[in-house]
Amino acid sequence: MMFGTAKWRGMVAGTACAVVAGTLFFTAVDLFTFLFPSSPRTGMSGTWNPMKLWWMSALCLVASLLCGLNAWKIFQPASRQRAAADNWSPLAVLLWWVPALLVLLVHYPLPYFSHHIDKCFLVVGLILLWSAWLLVHPSSLSRGLESRSFCWLRVALINGLVFLLLAEGAMRLADPFLARSGLFSSRNDTPGGGIPFQVTDRSGMRTNSRGFRDRERTVTPVSSALRIVALGDSFAWGSGVTYDEAFLTLVERGLDDVWSGTEVINLGMVGYQPEEYLSLLKEHGLAYQPNVVLVNFFIGNDFMPAQGAQVIVAGHRHRVHVNGNWFHDHFSWDHWYLPHDLAYAWLLGQARIRRVMGQSDLGMFASGPEQAGGGDSASFSGWSPQYVRMIQGMGDQFLKRETQAFSVRWSETRHVLEQLAALLQERGLPWVLVMLPAEEQIDPELQRLYVNMRGGVPDDYDFSKPQRLLSDWARGKGVMVIDLAPSFRANVSRRRLYVDNDIHWNKNGNALAAETMLDELRPALARVGRIASH
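All values reported here derive from a predicted model rather than from experimental measurement. (Residues numbered from 1 in each chain as written. Predicted model: local features only at pLDDT ≥ 70, side-chain atom pairs only at ≥ 80, totals over all residues. Heavy atoms only, no water.)

S.K.: Just checking my understanding: could you explain the environment of Val103 for this structure?
M.R.: Tracing the chain through its elements places Val103 in helix H4 (residues 90-106). Among the residues examined, Val103 registers a relative accessible area of 30% and is labelled partly exposed. Distance in space between the C-alpha atoms of Val103 and Val124 is 9.9 Å, their sequence separation being 21 residues. (Helix = DSSP H or I, 4+ residues; strand = E, 2+ residues; numbered from the N terminus. Buried < 20%, exposed > 50% of the residue type's maximum accessible area, 1.4 Å probe, protein only.)

S.K.: Help me out: how do you make sense of the packing of aromatic side chains in this one?
M.R.: The geometry of an aromatic ring pair is captured by the separation of the ring centres together with the interplanar angle, meaning the angle of the planes. Following the criterion strictly, the structure yields 23 aromatic pairs and no others. Ring centres of Phe235 and Trp505 lie 5.0 Å apart, and the angle between their planes is 75 degrees; this geometry places the pair in the edge-to-face category. Of this pair, Phe235 sits in helix H8 (residues 234-237) while Trp505 sits in the loop between helix H18 (485-491) and helix H19 (507-525), and the two are 270 residues apart along the sequence. Assigned by exposure class, Phe235 and Trp505 land together as buried. The ring of Phe380 has Arg496 sitting right over it, with the charged end atom 3.8 Å from the ring centre. (Phe/Tyr/Trp six-rings, centres within 6.5 Å; stacked < 30°, edge-to-face > 60°. Lys NZ or Arg CZ within 6 Å of the ring centre and 35° of its normal.)

S.K.: Help me understand the side chain of Thr249, please; the structure alone is not making it clear to me.
M.R.: For Thr249, the position within the fold is in helix H9 (residues 247-258). Exposure remark for Thr249: the relative accessible area of 4% places this residue in the buried category. A polar atom in the side chain of Thr249 sits 2.8 Å from the backbone oxygen of Tyr243. Those residues within four positions of Thr249 in sequence are excluded, and the remaining contacts are Tyr243 and Asp244. (Polar contact = N/O pair within 3.5 Å; in protein donor to acceptor, adjacent residues only side chain to side chain. Contact = heavy atoms within 4.5 Å.)

S.K.: I would appreciate a short explanation of the sheet that holds strand E1 (residues 227-231) in the present structure.
M.R.: Backbone hydrogen bonds are what pair the strands of a sheet, in a parallel or an antiparallel way. An order of E2-E1-E3-E6-E7 is seen for the 5 strands of this open sheet, with the pairing classed as parallel. In this open sheet, the two strands that pair with only one neighbour each are strand E2 (263-266) and strand E7 (480-483). Direction aside, the axes of adjacent strands within the sheet are offset by 20 degrees on average. Examined bridge by bridge, strand E3 (residues 292-298) and strand E6 (residues 431-436) share 6 bridges and lie parallel to one another. Looking at the pairing, Val295 lines up with Leu433 of E6. (Pairing = 2+ DSSP bridges. Axes fitted to C-alpha atoms, helices over the stretch in contact; angles between N-to-C directions.)

S.K.: Would you mind going over unusual backbone geometry with me for this structure?
M.R.: Only a minority of non-glycine residues have a phi that is not negative, and only a minority of peptide bonds are not trans. For the bond running from Leu110 to Pro111, omega is -5 degrees, close enough to zero to count as cis. Along the chain, Pro111 falls in the loop between H4 and helix H5 (114-136). We note that Asn501 has phi near 55 degrees; this positive angle belongs to a residue other than glycine. Along the chain, Asn501 falls in the loop between H18 and H19.

S.K.: Looking at this structure, how should I read the pairing of E6?
M.R.: It is a general feature of regular strands that their side chains alternate between the two faces of the sheet. Most of E6 is tucked away: 6 of the 6 residues are buried. Covered by surrounding structure in E6 are Trp431, Leu433 and Met435 together with Val432, Val434 and Leu436, the residues of both alternating faces. Two elements, E6 and E7, share 4 bridges in a ladder whose sense is parallel. Residue pairing in the sheet places Met435 in a bridge with Asp483 of E7.

S.K.: Sorry if this is basic, but what is going on with the nonpolar core here?
M.R.: Ranked by size, the top nonpolar core spans 47 residues in total, and within it Leu231, Trp431 and Leu470 carry the most contacts. If you list the elements that add at least two residues to this core, you get E1, helix H10 (274-283), E3, helix H13 (385-391), helix H14 (404-426), E6, helix H16 (444-454) and helix H17 (465-477). Residue contacts for Trp431: discarding those within four places in its chain leaves Val293, Val295, Leu417, Leu420, Ala421, Leu424, Trp473, Val479 and Met480. (Core = buried A, V, L, I, M, F, W, Y, C linked by side-chain atoms within 4.5 Å.)

S.K.: Help me understand the pattern of salt bridges, please; the structure alone is not making it clear to me.
M.R.: Where charged atoms of side chains with opposite charge meet at close range, the side chains can pair. Throughout the structure, instances matching the rule amount to 17 salt bridges. As a salt-bridge pair, Asp86 and Arg82 come within 2.9 Å of each other at their nearest N and O atoms. Accessibility assignment for this pair places Asp86 and Arg82 in one class, buried. When the shortest N-O distance is used, the salt bridge between Arg475 and Asp472 registers 2.9 Å. With Arg475 and Asp472 both in helix H17, this residue pair falls 3 residues apart, about one helical turn. With relative accessibility at 58%, the residue Arg475 sits in the exposed group. Its relative accessible area of 41% is what places Asp472 among the partly exposed residues. A single salt-bridge network, built from bridges that share partners, covers Asp214, Arg215, Arg217, Arg227, Glu252 and Glu263. (Salt bridge = Lys/Arg side-chain N within 4 Å of Asp/Glu carboxyl O.)

S.K.: Would you take a moment to explain the confidence of the model for the protein chain for this structure?
M.R.: For residues with low pLDDT, the predicted coordinates do not support detailed interpretation. Residues at a pLDDT of 70 or more form 84% of the protein chain, whose mean pLDDT is 84. The secondary structure element of the protein chain with the lowest average pLDDT is helix H20 (residues 529-532), at 49, and the one with the highest is E6, at 98. Segment residues 360-373: pLDDT under 50, and 34 contacts once partners within four positions in sequence are set aside and those in other chains are kept. (pLDDT = per-residue confidence, 0-100.)

S.K.: Help me out: how do you make sense of the pairing of E3 in this one?
M.R.: Summarising burial for E3: 7 of the 7 residues are buried, a large majority. Burial along E3 is two-sided: the face carrying Val292, Leu294, Asn296 and Phe298 and the face carrying Val293, Val295 and Phe297 are both buried. Note: E1 against E3, 4 bridges, orientation parallel. By the bridge assignment, Val229 is partnered in E3 with Val293.

S.K.: What's the story with the packing of H5 against helix H6 (residues 138-145) in this structure? I'm lost.
M.R.: Describing two packed helices takes the angle between their axes plus the distance from one axis to the other. Contact geometry for H5 and H6: axes closest at 5 Å, N-to-C directions at 120 degrees. Taken together, the axis directions place H5 and H6 in an arrangement best described as oblique. Contacts from Trp130, Trp133, Leu134, Leu135 and Val136 of H5 reach H6 at Pro138, Ser140 and Leu141. Of the residues in the contact of H5 with H6, the class split is 7 nonpolar, 1 polar and no charged. (Parallel < 35°, antiparallel > 145°, perpendicular 65-115°, else oblique. Nonpolar A, V, L, I, M, F, W, Y, C, P; charged D, E, K, R; others polar.)

Structure below.
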């Protein structure tokens, strides 16, 4: 057969090397141009580490050069590389190169995520070593490929790939049956993707039956008392503090002191962003028949495009990571059905074992103790370089000059907010946009470190720019705004308001946020029709 001849074996191997060389060269050029100071492509996600990208681009360039040289050598009939490649099975070549290429495409270094670039380093490093070996000593490489240990490795890889593909196919075919049988599905309606009855902190607080970090609520109102639905991310969830210390819990208690029975229904979910606030409001929030909606907008990262999506596998909701990279968003491991089914089956089995042992009827493990709030300023030793680099991830939103990346993000964010406003206006529901400040916006010393590490000058930055954009938009729509930044700036020198080296508030920050919100909400809510009946 054609591919069984030595000539065609060499051609397949050479072509594979050339394709990989081209892919690595494109990656290196893309990274180099991105890293140029004049590049308009700013606005990274995750922990922004330019040095890592420099090394990645250099490694890709060297690996591309070596792969290209090997391809050129293999296409030379008299070369040692060609003699080695003539003995390789085309299927074996594809078996190794296709997965390697797919991993590179799935974990492409841009947009920047540390867990992606680390995997790229590993794969590109292995390609570099293999290419150098083939270029310098192809005969020893051929002997290695013919060894018994490599044959076993190849058999293991083939069996692993076959198992994964067959298992994934089986899970997808069985998915409708599993969903109907309830084997993997929760018995509770959890449209937000939360896990019911999960222990959330060392106080023993558990999520409610719908997976939210809140007390149990009835969907249908049981009285004429005011109902407020609160949307948000990990700040609304209450990361870093107990449920009793979270600002939305404190707001509910403060309003209940004035109007008995007032409810603040907390639908905050960790990692959510405006697009998901809107989705959650449509799917779930409106069912509570609220009188008012609070949208808690964290300035630190709510301007970024949504990096998560929900998939339903066997009737159970899962949140998966997306970043706009088509290969990543379709082929990454968390988009497969298999790991979700296996993970949930494991949890289900553990739940039953623990129930039999009398330890728990929930099968959920308590999370570790929440991070200390560092409420005493004297105990705070300063911000780590890693933390400062992390908060710089979306720093172009504070630049006075407009960047293309932020313009796009602001346009997308504004579009989602306008959809939310239209939805609520259609139902005659008032809503409040609560702007939650990032620490770099309210602490002058952190701002100095931020600017210095970013390599700019203070005049390049306007740390109030996001609030001004949101306030101007809200004013045009007639939406009430509560900006927490002024009160946080006024109190930052008195006590720590944020968890040390963490973006979230400690109990002091949550208390200050609740106090500020109550000062503005009480007179505004007094004008809401339902309050008048009290």
